[in-house]
Amino acid sequence: MRRQALSSLLLALACSQASWALGGEMVVIVSARNATEALRADQVADIFLGQSRRFPDGAPASAVDQPIGAAQRDVFYLKVAAKSPALLKSYWTKMIFTGRGQPPREVPDSASVRKLVAGNPGLIGYIDRKALNASVKPVLVVR
């Protein structure tokens, strides 16, 4: 019990420090041509963790990730999936080893995520809110 409380405290502290370092609001995005208007955090987490390969309307969904070590990535997974970088690494190691999944494709930055997602209605990603433009639409605000 004490160890779990300490882990929860450390996770909350890491999340608040990462949010402070980012200094902005993050949004989960899909192409402007995607029919999805909004998603819950658990639906987004399921897609990014390979538990679901479809949007709620049944259309195929594939996640696009920021690079390992990026502050946005760390904040995203902490807030949406409650996974620290270490827990996420462990999760994907297990998924790959058991043949149950592969991690999302990684691209270098928010601009690359936006460009890739804008061109493919089946993709979903996350970027800084300031990077939004008409080619994509937000389906979840990550606070």
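Everything below is about the structure printed above this text.
Every value quoted in this text rests on a predicted model; they were computed, and no experiment measured them.

All chains considered together, the criterion is met by 6 aromatic pairs. With a centroid separation of 5.7 Å and an interplanar angle of 55°, the aromatic rings of Phe-48 and Tyr-126 are classed as tilted. Of this pair, Phe-48 sits in helix α2 (residues 41-48) while Tyr-126 sits in strand β4 (residues 123-128), and the two are 78 residues apart along the sequence. Of the two residues, Phe-48 and Tyr-126, neither departs from the other in class, the shared state being buried. Grouped by ring-pair contacts, the aromatic residues Phe-48, Phe-76, Tyr-77 and Tyr-126 constitute a single cluster.

Next up on the list: the pattern of salt bridges. Taken as a whole and judged by the stated rule, the model has 6 salt bridges. Arg-129 is the salt-bridge partner of Glu-25, the closest N and O atoms lying 3.1 Å from each other. Taken together, the positions of Glu-25 in the loop between α1 (2-22) and β1 (26-31) and Arg-129 in the loop between β4 and β5 (136-142) put the pair 104 residues apart, joining distant regions of the chain. On the basis of relative accessible area, Glu-25 is assigned to the partly exposed category, the value being 26%. Several salt bridges share partner residues, and in doing so they unite Glu-25, Arg-129 and Arg-143 into one network.

Conventions and cut-offs
Residues numbered from 1 in each chain as written. Predicted model: local features only at pLDDT ≥ 70, side-chain atom pairs only at ≥ 80, totals over all residues. Heavy atoms only, no water. Phe/Tyr/Trp six-rings, centres within 6.5 Å; stacked < 30°, edge-to-face > 60°. Helix = DSSP H or I, 4+ residues; strand = E, 2+ residues; numbered from the N terminus. Buried < 20%, exposed > 50% of the residue type's maximum accessible area, 1.4 Å probe, protein only. Salt bridge = Lys/Arg side-chain N within 4 Å of Asp/Glu carboxyl O.

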